[in-house]
Amino acid sequence: MATPEIIEAFQRAGQGHVFAFHDELDAAARERLLADAAEIDLAEIARLHKTLVAGNASFAASLDGLTPAPYEPLPEHGGDPAAWAAAKTAGETALRAGRVAAFVVAGGQGTRLGYDGPKGTYPVTPLRKKTLFQVFAEKIRAAGLRYGKPIHWFIMTSHANHAATEKFFRDNNHFGLSPARVHLFRQGRMPAVDLQGKILLETKSTIAMSPDGHGGSLRALQRSGALDIMQREGIDTLSYFQVDNPLIRIIDPAFIGWHHLRHSEMSSKMIPKAYAGEKIGHFCMQNNRLIVIEYSDLPVAMQRETDPAGKLRYIAGSIAIHILDTNFIRRMAAGGPGVELPFHRADKKIPAIDAAGNPVKPVKPNGVKFEMFVFDAVPHAKNSVIIETLRANDFSPVKNAEGLDSPKTCREDQLRQFARWLNASDAAIETDPTGLPKPVIEVSPLFGYDEDSFTESWTRLPAKPTITDGLYLE
Ligand code: UTP
């Protein structure tokens, strides 16, 4: 659209104020404003205003006919060992055939951690202080070597952190991965609106835009051409994970195998909730469809329900680890009635300017952001399968600066994992009752990225090292 047409379209949509300062801007600033404006789907904003803002409605899920979702328990919790073994074999076959790529969503703002920079550049490991991105890169490299097929890695960034993320990878030589197999692409953005549905201006020449949520990854994979790269490379399976979780087994053959053997379009890992009020989503069934209900949407009484054996009924916690079929992503990204991911509303304090152009620093929420969540794709997937995993093997996110899910808890969970691997081999390491080892040690993913690969490397060591403070296994 040419400049006057964009401005007219905004005026027609009741959003003409976005260009209130247009005439006083220099050429570069006008261009910035127009570029922001061109990203906005005005009809979408009008729809969201009507549904989510004007009615003051949040996206609350209906609870009608809700039951807990079934899942495949681990063999140690009653699952069928033969089925798990078959899944692992199928996953290994897919990896050797090069069908699987890794996919991290790294476009979040990481406000709770309060770290200045892309979250993936945050140092997390106990000794070497490796960054999240380095841990992931080494896991992906090691798995590629193990299965004889280098693994492609897709990384979704945001407008705000794309350049810094790209530079970080370049400066670190892509941590030994081939740059041709590391694919960065930006996610989409959405404008924030005030409580009357008017688009907020951040400055006279910029609109208050923010990333469109991890659910935006499906359309971003399509729009960026990432799906076309996958098609060219013979990749049909994506291992989806979040940037804040260094414990994740990015390449887990059993998970991949369950997904393939069940012909699933989107599979998920669950952990049993640690306690009724744990703040994670719940896998549930409704009208024969699998859905994820956020913890805030499931009434406390239901969260506390137990079965006759005293086990929580809604036990299956969602930890944002999925396997996705690329054709499914294509279908979801194309959208159309009944296929689109819904937007969720989040009320936030959004720095903005007022009608006179003066900056406002809000002390209470002054506007609404719109985000899509990837787990809303689950009900659209055919043959969805959920498998159980142990929290200790897959999940310890860095969300907060302190307390729960913080750098400290994550560092300790990594140490516990290293200690478990050592104890599962013939090396004994002293731990406290929570499994935390006394010595501070570190295992490089290039030595072992799960129990199997660790044990293999450990067994091959001609001389076993003494396990003391500072031991680094690579
Ligand atoms: P979180 O829900 O933890 O959000 O994201 P966040 O923005 O990183 O952190 P806070 O809430 O501001 O503290 C979970 C995962 O989804 C990604 C994040 O990068 C993280 O890996 N994400 C989130 C995106 O990629 N894009 C988004 O728009 C939102």
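It should be emphasised that the depicted structure is a prediction, and the values quoted were computed from it without experimental measurement.

Here we take up the sheet that holds strand β6 (residues 193-194). Pairing in this open sheet of three strands is antiparallel, and the strands run β6-β18-β15 from one edge to the other. Two strands bound the open sheet, and with one partner strand each, they are β6 and β15 (344-348). Two strands pair when backbone bridges link them, and β6 and strand β18 (residues 367-371) are joined in this way by two bridges, in the antiparallel orientation. When the sheet's bridge partners are listed, aspartate 194 is paired in β18 with glycine 367.

A few words on the side chain of threonine 157. By the secondary structure assignment, threonine 157 is in strand β3 (residues 153-157). Setting aside its immediate chain neighbours within four residues, threonine 157 contacts Ala106, Gly107, His162, Thr165, Leu184, Phe185, Arg186 and Gln187.

With that settled, the discussion passes to the site of the ligand. Near the ligand there are 17 residues, and of these Val105, Gly107, Gln109, Thr111 and Gln187 occur at the shortest range. Interatomic distance of 3.3 Å between a backbone N/O atom of glycine 110 and an oxygen atom of the ligand. The separation between a nitrogen atom of the ligand and a polar side-chain atom of glutamine 187 is 2.6 Å. Considered on its own, the ligand offers 570 Å² of accessible surface; in the complex 87% of this is hidden by protein. Of the residues contributing to the shell around the ligand, the split by class is five nonpolar, nine polar and three charged.

Okay, the packing of aromatic side chains next. A ring pair, where both rings are aromatic, is described by two values, the distance of the centres and the angle of the planes. In total, this model carries 18 aromatic pairs according to the counting rule given. Centroid distance tryptophan 153 to phenylalanine 169: 5.5 Å. Interplanar angle 70°. Geometry classified as edge-to-face. With tryptophan 153 in strand β3 and phenylalanine 169 in helix α6 (residues 162-171), this residue pair connects regions lying 16 residues apart in the sequence. Like tryptophan 153, the residue phenylalanine 169 is buried in the burial classification. In textbook terms, an aromatic cluster arises when at least three aromatic residues are bridged by ring pairs, as seen for Phe133, Trp153, Phe168, Phe169 and Phe175. The positively charged end of arginine 128 is found above the aromatic ring belonging to tyrosine 472, 3.8 Å away from the centroid.

In this section: the environment of serine 296. Its location among the elements puts serine 296 in the loop between β13 (289-293) and α10 (300-304). Residues serine 296 and lysine 408, 112 residues apart in the sequence, show an inter-C-alpha distance of 26 Å.

The next subject is the pairing of strand β12 (residues 281-286). Extensive coverage of β12 is indicated by the burial of six of its six residues. Taking every second residue as pointing to the same face, both faces of β12 are buried, with Gly281, Phe283 and Met285 on one and His282, Cys284 and Gln286 on the other. With two bridges joining them, strand β1 (residues 67-68) and β12 adopt antiparallel strand pairing. Pairing of proline 68 across the sheet is with cysteine 284, part of β12. When β12 meets strand β14 (residues 316-325), the two strands line up antiparallel, connected through two bridges. Within the sheet, the bridge partner assigned to histidine 282 lies in β14 and is glycine 317. Sheet topology places β12 next to β13; five bridges connect them, and they run antiparallel. For histidine 282, the partnering residue across the bridge sits in β13 and is isoleucine 293. In textbook terms, the turn of a hairpin is the stretch between consecutive antiparallel strands, and for β12 and β13 this stretch comprises two residues, one of which, asparagine 287, has a positive phi near 50°.

Take the pattern of salt bridges next. All told, the structure shown has 26 salt bridges when counted by the stated rule. In this structure, arginine 262 engages glutamate 72 in a salt bridge whose closest nitrogen and oxygen atoms are separated by 2.6 Å. Of this pair, arginine 262 sits in the loop between α9 (253-261) and β11 (266-272) while glutamate 72 is found in the loop between β1 and α4 (81-96), placing the two residues 190 residues apart along the sequence. The closest approach of N and O atoms between aspartate 244 and lysine 399, which form a salt bridge, is 2.7 Å. Pair noted here: aspartate 244 is in the loop between β10 (237-242) and α9 and lysine 399 is in the loop between α12 (391-394) and α13 (407-424), with a separation of 155 residues, a long-range link. Shared partners join several salt bridges into a network, and the residues in it are Arg249, Asp252, Lys269 and Asp394.

A few words on helix α3 (residues 42-54). The first and last C-alpha atoms of α3 sit only 16 Å apart over 13 residues, clearly below the 18 Å expected at 1.5 Å per residue. Along α3, the helix axis deviates most sharply at leucine 48, where the bend reaches about 35°. On its buried face, α3 sits against α1 (3-12), β5 (189-191), β6, α7 (217-223), β15 and β18. You can read the cap of α3 off the contacts: a side-chain oxygen lies 3.2 Å from the backbone nitrogen of alanine 43, and it is on aspartate 41.

The rules behind the values
Positions within a chain are numbered from 1, following the residues in the order the chain's sequence is written. Given that the model is predicted, a residue must reach a pLDDT of at least 70 before its local features are reported, and side-chain atom pairs must reach 80 or more before they are shown or counted; all residues, however, enter totals for whole chains, interfaces and linings. Based on all heavy atoms of the structure, the side-chain values leave hydrogens and waters out of the count. DSSP-based pairing: two strands are paired if at least 2 bridges between them are found. Helix and strand assignments follow DSSP, with helices taken as H or I runs no shorter than four residues and strands as E runs no shorter than two, numbered in order from the N terminus. The contact criterion used is simple: two residues touch if any of their non-hydrogen atoms lie within 4.5 Å. Think of it this way: one heavy atom of a residue within 4 Å of a molecule or strand is enough to make that residue near it. Any pair of N or O atoms that falls within 3.5 Å is considered a polar contact. Within protein, one atom must be able to donate a hydrogen and the other to accept it, and sequence-neighbouring residues count only if both atoms are side-chain atoms. Per-residue accessibility takes into account occlusion by the displayed protein chains alone, with areas from the Shrake-Rupley method and a 1.4 Å probe. Following the grouping adopted for this structure description, the nonpolar residues are Ala, Val, Leu, Ile, Met, Phe, Trp, Tyr, Cys and Pro, the charged ones are Asp, Glu, Lys and Arg, and the polar ones are all others, Gly among them. When two rings of Phe, Tyr or Trp (its six-membered ring) have centres within 6.5 Å they constitute a pair, described as stacked for plane angles under 30 degrees, edge-to-face for angles over 60, and tilted for the intermediate range. Under the scheme applied here, a residue whose accessible area is under 20% of the maximum for its type counts as buried, over 50% as exposed, and between as partly exposed, the area being computed with a 1.4 Å probe on protein chains only. Only when the NZ of Lys or the CZ of Arg is both within 6 Å of the ring centre and within 35 degrees of the ring normal is a charge said to sit over the ring. In the sections that follow, a salt bridge refers to a side-chain nitrogen of Lys or Arg positioned within 4 Å of a carboxyl oxygen of Asp or Glu. Each helix should span, by expectation, one fewer than its residue count multiplied by 1.5 Å. A residue's bend is simply the angle between two axes: one fitted to the seven residues ending at it, one to the seven starting at it.

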